[in-house]
Amino acid sequence: MNAVVRVQTWIDERFNLAESLAPLREKTVPIHKYSYWYLLGGITLFTFLVQLCTGVLLLLYYRPTANEAFESVQNITNHVQFGWLIRSVHSWSANLMVFCAFAHMFSVALTKAYKKPRELTWVTGVFLLFLVLGFGLSGYLLPWNTRAYFATKVGTEVAGRVPLIGHMQMVLLRGGEDVTGATLTRFFGLHVVILPALTVGMLLIHLLLVQKFGTSVPVSVLTQWQQHPDQRKEMPFFPNFFLRELMGWYIALGCLVALSVFFPWELGNKADPFSSAPPGIKPEWYFLAQFQTLKLIPSRILFIDGEVLGILGFGLGAGLWLGLPFIESLLGCRRGRWIRVGILFALAYLMIMTIVGYMAS
Amino acid sequence: MVTRALPGECPLEKSPAEIMTRRSWARCLLGAFAASLATVLYPVLRYVAPPPESAVSTNAALAGTLGELIPNSGKTFRFGSRPALLVRLASGEYKSMSAVCTHLGCTVQYRPETKQVWCACHNGCYDVNGKNVSGPPPRALEAYDVQVRGQEIYVSRKQAA
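Presented here is an overview of the structure given in this document.

Conventions used here
Residues numbered from 1 in each chain as written. Chains lettered and ligands numbered in written order. Predicted model: local features only at pLDDT ≥ 70, side-chain atom pairs only at ≥ 80, totals over all residues. Pairing = 2+ DSSP bridges. Helix = DSSP H or I, 4+ residues; strand = E, 2+ residues; numbered from the N terminus. Axes fitted to C-alpha atoms, helices over the stretch in contact; angles between N-to-C directions. Buried ≥ 20, exposed ≤ 12 C-beta atoms within 10 Å, placed from the backbone. Core = buried A, V, L, I, M, F, W, Y, C linked by C-beta atoms within 7 Å. Contact = placed C-beta atoms within 7 Å.

1. Observations concerning the sheet that holds strand β5 (residues 82–88) of chain B
Whether parallel or antiparallel, the strands of a sheet pair through hydrogen bonds between backbone atoms. All names here are of chain B. Spatially, six strands are ordered β3-β12-β11-β6-β5-β4 in an open sheet, and the strand pairing comes out antiparallel. At either end of the open sheet lies a strand with only one pairing partner, and these are β3 (60–65) and β4 (73–79). Mean inter-strand twist for the sheet, computed between neighbouring axes without regard to direction, equals 30 degrees. Bridge analysis of strand β6 (residues 94–98) against strand β11 (residues 143–149) gives two bridges, and the strand direction is antiparallel. By the bridge assignment for β11, Ser96 is matched with Tyr144.

2. A look at unusual backbone geometry
Residue and element names in this part refer to chain A. A cis amide bond links Lys116 with the next residue in sequence, Pro117, at an omega value of 10 degrees. For Pro117, the location among the structural elements is in the loop between α6 (83–110) and α7 (119–141). Of note, the bond from Phe238 into Pro239 is cis; its omega dihedral lies within 30 degrees of zero at 5 degrees. Its place among the elements puts Pro239 in helix α12 (residues 237–262). Backbone geometry places Leu164, a non-glycine residue, at a positive phi of 70 degrees. Structurally, Leu164 can be placed in the loop between α8 (146–160) and α9 (166–174). Even without being a glycine, Leu302 presents a positive backbone phi close to 55 degrees. With respect to the helices, strands and loops of the structure, Leu302 is situated in the loop between β3 (300–301) and β4 (304–305). For Leu302, a count of 5 C-beta atoms within 10 Å gives the class exposed.

3. Details of the sheet that holds strand β10 (residues 132–134) of chain B
Residue and element names in this part refer to chain B. Judged by pairing direction, the sheet is antiparallel, and its four strands sit side by side in the order β7-β8-β9-β10 without closing on themselves. Taken across any chain shown, the strands that pair with only one partner, and hence form the sheet edges, are β7 (109–111) and β10. Averaged over all pairs of adjacent strands, the angle between strand axes in this sheet comes to 40 degrees, irrespective of strand direction. Of the pairings in the sheet, the one linking strand β9 (residues 124–126) to β10 comprises two bridges and is antiparallel in character. Looking across to β10, one finds that Cys125 is bridged to Ser134.

4. Some points on the environment of Phe262(A)
Relative to the elements of secondary structure, Phe262(A) occurs in helix α12. Along the primary structure Phe262(A) and Val4(A) are separated by 258 residues, whereas in three dimensions their C-alpha atoms are 41 Å apart.

5. Re the nonpolar core
By size, the foremost hydrophobic cluster in this structure holds 84 residues, and its most contacted members are Met97(A), Trp144(A), Leu85(B), Cys106(B), Val108(B), Cys119(B) and Cys121(B). No other element matches α6(A), which puts twelve residues into this core. If near-sequence neighbours (up to four positions away) are discounted, Cys121(B) is found in contact with Phe150(A), Val154(A), Ala277(A), Ile281(A), Cys101(B), Leu104(B) and Cys106(B).

Structure representation (structure tokens):
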């Protein structure tokens, strides 16, 4: 008996591993023309794991104070061996994570995979997206450069304009009235402890629900299968789909390293709280649509400040998005078709506003 | 009312009133537990809210020196804990105002080519008196008084009439 089998037997005798893993062996993944979309959730998970690993490595040298943060990132980039690579992979992986999370979410929305019984899988997924955006906002400030400073100023001011609770949540986020070193310390705590803990918890629930309800099949494919049962195809999750997923992860890793090597993430200039916002300043691409909306909205609409209306609109949009499966079941089958129009409108709006924001001077 | 007894126990005779008493006692305990949780949460919440900052409000500040700014230019300077803007018009006159954009709090700057105060974040424009003239800003910037004392330029909040 070789060593691997001996270890396996040792574990099996104590924990009955074979029985625990039995459901995984029975799990199957449907094969059809949209099957590749199933890989996106896994790739998002992979980028999150990359974030955890590179984040821990960055913690070895990063110092979260207004006086030292910028210099410590400069030190990581210029002096620590392969520091530039670790930081660049962390930044690119963050962007890839947001992109994959959005793509995964819209693929789920457009194939209506959120319908009964997967409503809570959708809700946990949307919460995960909010957490990912929270990571984006909090991590962006940590290098304490000019772009980060103004992005945080605007981002927290947006939170501050919410009626009634706005000022309180802005002060809580900033650790005071203004964006200062206290904000940096708070965002650091959020970024490295609170958000990861919440994300891991939410991710576990999300994965358990995915495991519980299995993989959803799009309605069009399901109808086709019902008419022609011989066309129904499935593959075992382990090892067939698992190995395909690993290939996806490996390609994602290759893309990450290539992007980091050929387009290393810039650091910019150290933040100066008393200098003007530089011309052409913009947030990261995933906040560009909201940024552009706030830019275009008039200063006053009726008796309300334009930006307050815009921010309330974002909140309403997020709420509707979260409750999508419930709204669809409330509307019923016939009117539920408008949901797809709404999803396509949301997608088109986000894409067009992002492009307009990117092109704007 | 007869409650179900465990094996080896005698059935217990209890009146509904006594059961309600037991239930309301359990509710009391639950309430006390919730209250004890609140006593734990309250200090935590107060801890998370930052303490009020002392001496945040400033009424006057040194903005710069004469000759520092050429005509038709501007600079930002520290006014208490916030940035402020000093502008020297083409005529040589000085103007000063808060540099915190009334839209979403970015720091504005003076643009010599348009002779306006401009916010780079969301393209908001103000005139040299701080009045919002285009773009998303909903209100004017707070204008300050400028006083020249010797070679130094001092800026102060406008006195209420």
